[in-house]
Amino acid sequence: MNPDILQTPIEYLKGVGPLRADILRKELGIDKYQDLIQLFPNRYIDKTRYYKVNELQQNGADVQLIGYITNFRTVEQKKGRRLVATFRDDTGTMELVWFRGQKWITENTKRDQPYVIFGKVNWYNGFSMAHPEMELFSEHEKSMRSAMQAIYPSTEKLAQKGISNRVIIKLMEQLFMATKGRFLENLPQSISQELKLISKSKAMFNIHFPQSQDLLSRAQYRLKFEELFYIQLQLLSKNINRKSKIKGYVFETVGVSFKTFYDTYLPFELTGAQKRVIKEIRNDLGSGAQMNRLLQGDVGSGKTIVALMSMLLAIDNGFQTTLVAPTEILATQHYNGIVELVKDMGLAVRLLTGSTKTSARKEIHQQLLSGELHILIGTHAVLEDKVSFKNLGLAIVDEQHRFGVAQRAKLWRKNQIPPHILVMTATPIPRTLAMSLYGDLDISVIDELPPGRKPITTVHRYDSNRLKVFRFIKDEIQKGRQIYIVYPLIQESEKLDYKDLMDGYESIAREFPAPEFQISIVHGQMKPADKDYEMERFIKGETQIMVATTVIEVGVNVPNASVMIIESAERFGLSQLHQLRGRVGRGAEQSYCILMTSHKLSSDSKTRLQTMVSTNDGFEIAEVDLKLRGPGDLMGTQQSGILNLKIADIVKDNDILKAARHYASVILKKDPKFAMSEHQAMRQNYLLLNKDRKIWNYIS
Ligand code: ADP
Ligand code: MG
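Note that the coordinates shown come from a computational prediction; the quantities given were computed from them, not determined experimentally.

1. Quick notes on the sheet that holds strand S19 (residues 545-548)
Okay, so step 1: The six strands are arranged S16-S21-S20-S17-S19-S18 in an open sheet whose pairing can be described as parallel. Every other strand in the sheet has two partners, leaving strand S16 (457-462) and strand S18 (519-522) as the edge strands with one partner each. Along the sheet, successive strands turn relative to each other by an average axial angle of 20°, direction set aside.
Okay, so step 2: Both S16 and strand S21 (residues 592-597) contribute to a ladder of six bridges, which runs parallel. Residue pairing for S21: Thr-457 is matched across the bridge by Tyr-592.

Okay, structure coming up:
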C-alpha cells in the first residue's frame, strides 16, 4: 500500500462526499482516511453466541437467545400502555416489552415457532428485554451474518443526518477496499515476536471486523500496546534527553553529617522502603545528571526523614538545601522537627514564611548569599526571586499536589546549574497514571509503614447518631486522647461552609463545656498568627478538641490525637478523606476515623465511604478514586491530554501500559537513536507522531 493514501481527505472515500465529510469532521474530527481508520468501536455485539435464560446476568449486556414468544398482554401505565409477552426457552422465562408498534407485533408474531431474539437485557425483579430484534429461527439459519458487529461512537447530529452505525460500517468497508487492508507494520519485530502480537494489518481488520472473540482480543491488545508504547517511547526519551543535556551537581561523598546523623541521631531504624528510596536518591545525586524525582509515600510513611537525610548529603558535599511546604503550619512543623533532630550537629537551619519579619528576612537573605545557612525551610516565600542562594544543591518540595510545574521551574532557576529536585507527595497517584503524567520525573515509592502502627478503625455514622459519637469522644478524652473535628470547605460556598463550621463549633462547645474541656478552632479566614496559636495549643495538649476546616489536611503531626471526625463526609473526595484520616494513627494508641453523613447519599458517595471503611491503603484508595472520577478530574491531569488516547484506557489497561513502558525502555537502551535497520519503521512512525503536536503537547 502507498502509505500516503491514509492522508487522503475523507470526502474522496466512496460513499462520503462533501456533505458527509463536513459532518464527519465536525462531529468526530475525521479529516482524512487515517482518522476514520482510527475511529475505534466502543463495543461489539456478539452474535456468535446464544444465551439461555438461566445464563443471563444483571449487567445490561446485549444478548441473543432462542425460544418461543407467547402470552401477549397489555399493561396500562401512566402514559399510554405497554405490550408485554413471555419469552420461554428450556431453562426459563423472561419478559419482552414494547412501547411502540404494539399492534403489528401482536398480529405478526408466530406463537408456535421458535424465534431468535437479540437485545439488551434489563433486570428489575426478573429479566426483561425492550424492543428486541426478532427473527424466526428458520429464517435466521438461512442468512449469513458476521460474527461480531462493531458499534462506533456516535452523536445526535450524526444520527439526525442519517450517518448511522450501519453507514459507518459501510464506509469502513470502503476504506479497507481502498487500502487493500494493508497497513505498515510499525512495531519492532523483536517485540511482536516476544509478545506474540498479531500484525498491524490483521489487528486493524479485526478491530473493525472481528472474525472471532479471540482475534478481537488480540487486535485490541496489539493496538493498545502500540498506542501506549509510542507514548512511553516519547516520555522516556524525553527523560533521557534531559539527563544527558542538563548537568547536575555531583554529590560524590557520603560525608560526616550524613554518617553522624545515621549513627548517632536517627531516632529509629529506617524501614526497608526508606532505605531503598534513600539509595535511589543517592544514586541520582551521584550520577552527574540533575535529579528530578517524585517521592510517593502514604501519609505517615516517613518521608520527612528521607528528605532530611537527602539534605545532609547535599550539605556534606558543600551545598545548601531547602525544603518547601505548602502551608505555614506545615513549614513550621518541619522546621521544628528538623531543628530537633539535628540540634547537636552544628548546622544552620532557618525558617522563611510569609510572616517572617523583615529584619529576620534580611538576615536570612544575607546568610543564604554568604553560604552560612545550610538548610532553609519555608513556604512559597522561598520561591520568590529575591531569595537567592550561594549554592543551592538540592530543593525538596513537600506535598506536591499543591505545587504546579511552574513553581518547580522557579526552583530550577535558583542556580546556573539547576539544583537537584525531590518532590514529595502523600496523595498516592496510581503508579500507571504517574508513569504517564510525570514522564519527566523518576519515581520512588515508600510502600511500607514504620513498624508498630495500629491500623486506624474507620466507621460511617449518620448524623442521627451524633449523641453516641459525642459519648465516644468523651470517653476518649477521658483516656487522655485528643480529637479532630473537621468541616468541609468548598470554595464556591465559602460563606455557607463558614456558617456550618461556626454552628458546629457552637454545638460542640455546648456539649463539651469549659473548664473541663478546651477547644481549639482553626479555619481559613483566621490570621496566620491566630491559626498558629490555636494549632500550638492543640499540639501542646492544652486543648483536647480541634475544630477545623481542611486547613489541617496536610502534614500536621499530633501523635496524641487519636480520633478524626469528618463532618459531611459525603462532600469530600476520596483522596481528601484519606489525607484527613492520616492525621490520626500517628501514636501508639488505637485510632479512629468517624465519617459523619446525612442519610441522603449518592451511589458514588456510598462507594467512597465504603472504600474508606474497608481499607487504609492509600494506593488502593487512589485506584478507586481514579475509577470513580476518571483520570480527567485527578489533580494535574486536566490539561494533560492523556485523555486523548484513541483505544487504550489508562485505568483499565494497566498491565499493557506496564509492558509498553518496559519494552520502550528496552529499545531505548539498545538503540537510543533508533539507528538500527529493524527500527526504521518504528522511527518513521515516531517522527510522524512527534510532528503531530496535538498528540504530544501534554508532556510537561
Ligand atoms: P509523612 O510521610 O506523612 O510525611 P512523616 O515523615 O511525618 O510521614 O512520619 C510520620 C511519623 O513516623 C513521624 O512521627 C516519624 O518520626 C515517624 N517515623 C518515620 N520513619 C519511621 C521509622 N522508620 N520508624 C519509626 N517511626 C518512623
Ligand atoms: Mg509529611
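Structure shown, so let's carry the discussion forward.
2. A short note on the domain arrangement of the chain
Okay, so step 1: Annotation of the chain at the domain level lists domain 1 (48-144), domain 2 (256-285 + 302-425) and domain 3 (457-615).
Okay, so step 2: Each of domain 2 and domain 3 was reduced to a C-alpha centroid, and the two centroids are 31 Å apart.

3. Digging into the sheet that holds strand S11 (residues 349-352)
Okay, so step 1: The seven strands are arranged S11-S12-S10-S13-S14-S9-S15 in an open sheet whose pairing can be described as parallel. Two strands in the sheet have a free side with no partner beyond their single neighbour: S11 and strand S15 (442-446). Here the strands of the sheet are splayed against their neighbours by 20° on average, with no regard to which way each runs.
Okay, so step 2: Sheet topology places strand S10 (residues 320-324) next to strand S12 (residues 375-378); four bridges connect them, and they run parallel. Looking at S12, one finds that Val-324 is bridged to Gly-378.
Okay, so step 3: Helix-sheet contacts for helix H11 (residues 272-286) involve strand S9 (292-297), strand S14 (420-425) and S15, and the interaxial angle to S15 is about 160°.

4. Quick notes on empty space enclosed by the protein
Okay, so step 1: For the structure shown, the criterion picks out one cavity of 30 Å³ or more.
Okay, so step 2: Volume-wise, the largest cavity comes out at about 30 Å³.
Okay, so step 3: Along the walls of the largest cavity sit Tyr-152, Pro-153, Ser-154, Leu-158, Ile-163, Ser-164, Asn-165 and Ile-168, which together make up its complete lining.
Okay, so step 4: Broken down by class, the residue content of the lining of the largest cavity amounts to five nonpolar, three polar and no charged.

5. Observations regarding the site of ligand 1
Okay, so step 1: Residues in contact with ligand 1 amount to 16 residues; listed here are only the nearest, Glu-269, Gly-300, Lys-303, Thr-304 and Arg-453.
Okay, so step 2: Measuring from an oxygen atom of ligand 1, one finds a backbone N or O atom of Gly-300 at 2.6 Å.
Okay, so step 3: Separating an oxygen atom of ligand 1 from a backbone N or O atom of Gly-302 is a distance of 3.1 Å.
Okay, so step 4: Of the residues that constitute the shell around ligand 1, the class distribution is four nonpolar, seven polar and five charged.

6. Quick word on the packing of helix H8 (residues 200-208) against helix H9 (residues 213-245)
Okay, so step 1: At their nearest, the axes of H8 and H9 sit 8 Å apart, and the two run at 120° to each other. Judged by the angle between their axes, H8 and H9 are oblique. The handedness of the crossing between H8 and H9 comes out as left-handed. Facing Lys-200, Lys-202, Ala-203, Met-204, Asn-206 and Ile-207 of H8, the residues of H9 in contact are Leu-215, Leu-216, Ala-219, Gln-220, Arg-222, Leu-223 and Glu-226.

7. Comments concerning the pattern of salt bridges
Okay, so step 1: Summed over all chains, the structure comprises 29 salt bridges.
Okay, so step 2: Close ionic contact of Arg-49 with Glu-55 constitutes a salt bridge, the shortest N to O distance being 3.1 Å.
Okay, so step 3: A residue is classified by how much of its surface remains accessible, and Glu-55, at 33% relative accessible area, is partly exposed.
Okay, so step 4: Its salt-bridge partner being Glu-226, residue Arg-222 comes within 2.8 Å of it at the nearest N-O pair.

8. Brief notes about the nonpolar core
Okay, so step 1: Phe-225, Phe-229, Leu-233 and Leu-376 are the most contacted members of the largest nonpolar core, which totals 51 residues.
Okay, so step 2: Breaking this core down by element, the ones donating at least two residues are H9, helix H14 (358-370), strand S13 (392-398), S14, helix H16 (431-437), S15, helix H23 (654-670) and helix H24 (680-691).
Okay, so step 3: The contacts of Leu-376, once residues within four sequence positions are left out, are Thr-321, Thr-322, Leu-323, Arg-350, Leu-352, Ile-364, Leu-368, Val-382, Val-387 and Phe-389.
Okay, so step 4: Phe-251, Leu-285, Ile-305 and Met-309 belong to the second-largest nonpolar core, a separate cluster that totals 37 residues.

What counts, and where the lines are drawn
- Residues numbered from 1 in each chain as written.
- Chains lettered and ligands numbered in written order.
- Predicted model: local features only at pLDDT ≥ 70, side-chain atom pairs only at ≥ 80, totals over all residues.
- Heavy atoms only, no water.
- Pairing = 2+ DSSP bridges.
- Helix = DSSP H or I, 4+ residues; strand = E, 2+ residues; numbered from the N terminus.
- Axes fitted to C-alpha atoms, helices over the stretch in contact; angles between N-to-C directions.
- Domains from an automatic or database assignment.
- Contact = heavy atoms within 4.5 Å.
- 1 Å grid on protein atoms, 1.4 Å probe; cavity = no way out; pocket = protein on both sides within 12 Å on 5 of 7 lines; lining within 4 Å.
- Points joined across faces, edges and corners; volume = space filled by probe spheres on them.
- Nonpolar A, V, L, I, M, F, W, Y, C, P; charged D, E, K, R; others polar.
- Near = heavy atom within 4 Å.
- Polar contact = N/O pair within 3.5 Å; in protein donor to acceptor, adjacent residues only side chain to side chain.
- Parallel < 35°, antiparallel > 145°, perpendicular 65-115°, else oblique.
- Left-handed = near helix turned anticlockwise from the far one by under 90°.
- Salt bridge = Lys/Arg side-chain N within 4 Å of Asp/Glu carboxyl O.
- Buried < 20%, exposed > 50% of the residue type's maximum accessible area, 1.4 Å probe, protein only.
- Core = buried A, V, L, I, M, F, W, Y, C linked by side-chain atoms within 4.5 Å.

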